[in-house]
Amino acid sequence: MHPATQPPRAIRELPDELISQIAAGEVVERPASVVRELVDNALDAGATQITLRLLAGGVRLISVEDNGVGIPANELPVALKRHATSKITSLSELESVGTMGFRGEALAAIQSVSELSVLSRTAAQDNAMLLDGRSGELQPAARAQGTTVEVKELFYSTPARRKFLKTDNTELAHCVEAVRRHALTRPEVGFAIWHEGKLVEQWRAQAIDAASSEDLNTQYQAALDRRLADVLGDDFLQNSVSVHYQSGNVTVVGRAGIPDAARSRADHQFAYVNGRYVRDKVITHAARSAYEDVLHGHRQPIYALYVEIEPTRVDVNVHPTKIEVRFRDGREVHQAVRHAVENALAVPRANMLMANALLNHELPMAGTAQSSAFNWQQAPMPLAGTRVSDLGALWQPTPRAGLPAEEPTAQSFAPSAFSTANTPAPSLQEAAPETWPLGKAIAQLHGVYILAENAQGLVLVDMHAAHERIVYEQLKAQIDAQRISSQPLLIPATFSATAQEVATAEACAEALQELGLEISSLSSKTMAVRAVPSTLAQGDAVALARSVLAELSQHDASTVVQRARNELLATMACHGAVRANRKLTVDEMNGLLRQMEVTERSDQCNHGRPTWRQLSMRELDALFLRGR
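Residues numbered from 1 in each chain as written. Predicted model: local features only at pLDDT ≥ 70, side-chain atom pairs only at ≥ 80, totals over all residues. Heavy atoms only, no water.

A few words on the pattern of salt bridges. Counted by the stated rule, this structure contains 23 salt bridges. Close ionic contact of Arg 263 with Asp 267 constitutes a salt bridge, the shortest N to O distance being 2.9 Å. Under the relative-accessibility criterion, Arg 263 is labelled partly exposed at 33%. The network of salt bridges with common partners includes Asp 293, Arg 469, Glu 473, Lys 476, Glu 600 and Arg 601. (Salt bridge = Lys/Arg side-chain N within 4 Å of Asp/Glu carboxyl O. Buried < 20%, exposed > 50% of the residue type's maximum accessible area, 1.4 Å probe, protein only.)

Encoded structure:
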């Protein structure tokens, strides 16, 4: 019978068990949901060791053991009631909640769709107490301090829900992933996962000594790096850079993967807010936008980012599973995350090679006779493709003032724009080539690649891609040194706007002005674009406005203008860079290598392709089977 044809029913209250089962539909989606909630409670109890035991992927049994403070015997029956919690007692505490759990409905929801028991003991008790969730019977039992929660026969009372579960191996994988997300943010806690009596994963606790003279933040960062290597593999640590950034109320730490480590899937992207794993569109968009200049195609970056913000500036009570949050000022968080990742990726990786070599005593240390034989600073390479041979300009000091007021063009970056006193170029032989991260040029291959020798072995450089990035970064630096100028349109461009677009334009008027856009409402359904950024004056004003408004409404920030501007600069850089098949002298090749070492993001060209590759002596020996 169609619902509309059924006779009307009286409004009445639902029984408690049905209410809990409805709540379970929101909280308990699969065994991994139970694991997440129980591990949350264990961490809130101050546990330093958590053990998860599973049968049939968690369908037959989920057991979470911890060594936390435990639950007093008189509070055990209350713990299984709906909306019973020790985490909060008032609205003010809810608005500034710092614990993983706070809703007080997880245990009640889990109990309504399974057979649940809780075994717990506090330090003040002589023995543990076991509570049977179904009968409510409480009896003494043996256990050390801590709590064990057992969940058997999940969804036995709702067979229809059980039919939607996947295979045991699939459910096990989801459970392991749930624990892994917790492990990545709590290095001081040990985790062990058992399935069918076999150890599946184990991550040992990393020591953090509060009594040590070493700074706690330094200890935590070191412990976090070790945990990241344990959980995600040593490759993640080797192929990522450290992130540490603070702006106003927001602090962002963690690690961001280098572009070469990007994957086809977004399965290695971990974002945390105040220690809680979240899927947040603001953070995801900010991180992705930081990679726009360096990722090739549709590859997905890898990262583990930890955002710390005042609890009162973020609302964690917007989703039953607490996996989504809402920021009071999303733009503030977006800019912090984006700048944090951008700054971390900007450092040329060639310098990291030199630092590692110094640590491994492969290069002379600063202050030695060999390293102090010279002391010079190289200026930017000439950026006009026709004047690469102007060697004198390669070694001139970097100009600090005199930036052109007009919008730059490719011609603006000819060597004559950097008119300084001629400085004699230092002898490349005196400059101790072993101290150069990208080494000393030794040859050019088919007018396309530069071959260089460094302490680690052989460096291969795509000279056009490398010079293209150098020109591009110089163009961006010139633009960034000036405020985005706005050009009024002779005839305003009007378009039919949705209610969302009108509201966004009114709410984000200041942000639009900073981006060089002026958008006003003509009516409730029509808007006009009156001014656009000067560099984009020849583009489609309406399409630009719509794109910016769409991003502002979704992410509280927009990179559309910057993205469009960078596309224009990238085209200029491509035409201004030295072309393939251009024969360079050894001094010109060395000049290009030196400029790469000091240019931000010089490891990738404007299109995200690598500009250089390192072949170590070990790899070269392997090619010729040396030492076998």
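When you tally the buried positions in strand 2 (residues 61-66), you get 5 out of 6 residues, the bulk of the element. With 6 bridges connecting them, strand 1 (residues 49-55) and strand 2 associate as antiparallel partners. Directly across from Leu 55, in strand 2, lies its bridge partner Leu 61. Hairpin connection, strand 1 to strand 2: the antiparallel pair is bridged by 5 residues, and Ala 56 has positive phi, about 55 degrees. The sheet contact formed by strand 2 and strand 6 (residues 146-152) spans 6 bridges and is antiparallel. Each residue of the ladder has a partner; that of Ser 63, found in strand 6, is Glu 150. (Helix = DSSP H or I, 4+ residues; strand = E, 2+ residues; numbered from the N terminus. Pairing = 2+ DSSP bridges.)

Let us look at helix 11 (residues 330-346). Compared with the 24 Å implied by 1.5 Å per residue over 17 residues, the 24 Å span of helix 11 between its first and last C-alpha is a close match. Among the 17 residues of helix 11, 13 are classified as buried, and the element is accordingly described as predominantly covered. The opening residue of helix 11 is Asp 329, an N-cap whose side-chain oxygen sits 3.3 Å from the backbone nitrogen of Arg 331. (Expected span 1.5 Å × (residues − 1). Polar contact = N/O pair within 3.5 Å; in protein donor to acceptor, adjacent residues only side chain to side chain.)

Let's shift gears to the packing of helix 14 (residues 463-480) against helix 18 (residues 560-576). Look at helix 14 against helix 18: their axes get within 8 Å of each other, and the N-to-C directions meet at 135 degrees. Judged on the interaxial angle alone, helix 18 and helix 14 are oblique. Crossing handedness for the pair helix 14 and helix 18: right-handed. Residues His 464, His 467, Glu 468, Val 471, Tyr 472, Leu 475, Lys 476, Ile 479 and Asp 480 of helix 14 lie in contact with helix 18, whose contacting residues are Arg 565, Asn 566, Leu 569, Ala 570, Met 572, Ala 573, Cys 574 and Gly 576. Residue classes in the contact of helix 14 with helix 18 are distributed as 9 nonpolar, 4 polar and 4 charged. (Axes fitted to C-alpha atoms, helices over the stretch in contact; angles between N-to-C directions. Parallel < 35°, antiparallel > 145°, perpendicular 65-115°, else oblique. Left-handed = near helix turned anticlockwise from the far one by under 90°. Contact = heavy atoms within 4.5 Å. Nonpolar A, V, L, I, M, F, W, Y, C, P; charged D, E, K, R; others polar.)

This next bit is on the sheet that holds strand 19 (residues 486-496). Spatial strand order, 19-21-20: 3 strands in an open sheet with antiparallel pairing. Each of the sheet's edge strands pairs with one partner strand only, and the pair in question is strand 19 and strand 20 (518-521). Going across the sheet, the axis of each strand differs from the next one's by a mean of 20 degrees, ignoring polarity. Contacting strand 19, strand 20 and strand 21 (526-533), helix 15 (residues 499-507) runs over the sheet at an angle of about 45 degrees to strand 21.

The next point concerns the packing of aromatic side chains. Scanning all chains against the criterion turns up 3 aromatic pairs. Pairing Tyr 272 with Tyr 306 gives two aromatic rings, centres 5.0 Å apart and planes at 10 degrees, and the pair type is stacked. One end of the pair, Tyr 272, is in strand 11 (residues 269-273); the other, Tyr 306, is in strand 13 (residues 303-309), with 34 residues separating them in the sequence. Judged by relative accessible area, which is 1%, Tyr 272 ranks as buried. Judged by its relative accessible area of 4%, Tyr 306 is buried. (Phe/Tyr/Trp six-rings, centres within 6.5 Å; stacked < 30°, edge-to-face > 60°.)

Looking now at unusual backbone geometry. The phi angle at Glu 153 is positive, at roughly 50 degrees, despite the residue not being glycine. Turning to its location among the elements, Glu 153 is positioned in the loop between strand 6 and helix 6 (159-162). Residue classification places Glu 153 among the partly exposed positions, given a relative accessible area of 29%. In this structure, His 446 is a non-glycine residue whose phi angle is positive, near 55 degrees. With respect to the secondary-structure elements, His 446 resides in the loop between strand 16 (440-445) and strand 17 (449-454).

What follows deals with the sheet that holds strand 1. With mixed pairing, 8 strands are arranged side by side in an open sheet as 5-4-3-6-2-1-7-8. Because the sheet does not close on itself, it has two edges, and the strands there are strand 5 (138-141) and strand 8 (198-203). Across this sheet, the average inter-strand angle for adjacent strands is 15 degrees, counted without regard to direction. Relative to strand 6, strand 3 (residues 115-121) runs antiparallel, the two being bridged by 7 bridges. Counted as the bridge partner of Leu 116 is Val 151 from strand 6. Of the strands in this sheet, strand 1, strand 2, strand 6 and strand 7 (190-195) are in contact with helix 2 (residues 31-44), which crosses strand 2 at around 15 degrees.

A separate point is the confidence of the model for the chain. Looking at the chain, pLDDT values average 80 and 82% of them are 70 or higher. Within the chain, the element-level pLDDT minimum falls on helix 13 (residues 391-394), averaging 42, and the maximum on strand 7, averaging 96. The model gives residues 364-431 a pLDDT under 50, and that stretch makes 116 contacts with residues more than four places away or in other chains. (pLDDT = per-residue confidence, 0-100.)

Right, let's get into the packing of helix 14 against helix 19 (residues 586-598). Angle between the axes and distance between the axes are the two parameters that describe a pair of packed helices. Their axes nearest at 10 Å, the elements helix 14 and helix 19 cross at an angle of 50 degrees. Here helix 14 is positioned oblique relative to helix 19, judged by the angle of their axes. By crossing handedness, the relation of helix 14 to helix 19 is classed as left-handed. Two secondary-structure elements touch here, helix 14 through Met 463, Ala 466, His 467, Ile 470 and Gln 474 and helix 19 through Leu 592, Gln 595 and Met 596. Taken together, the residues that form the contact of helix 14 with helix 19 break down as 5 nonpolar, 3 polar and no charged.

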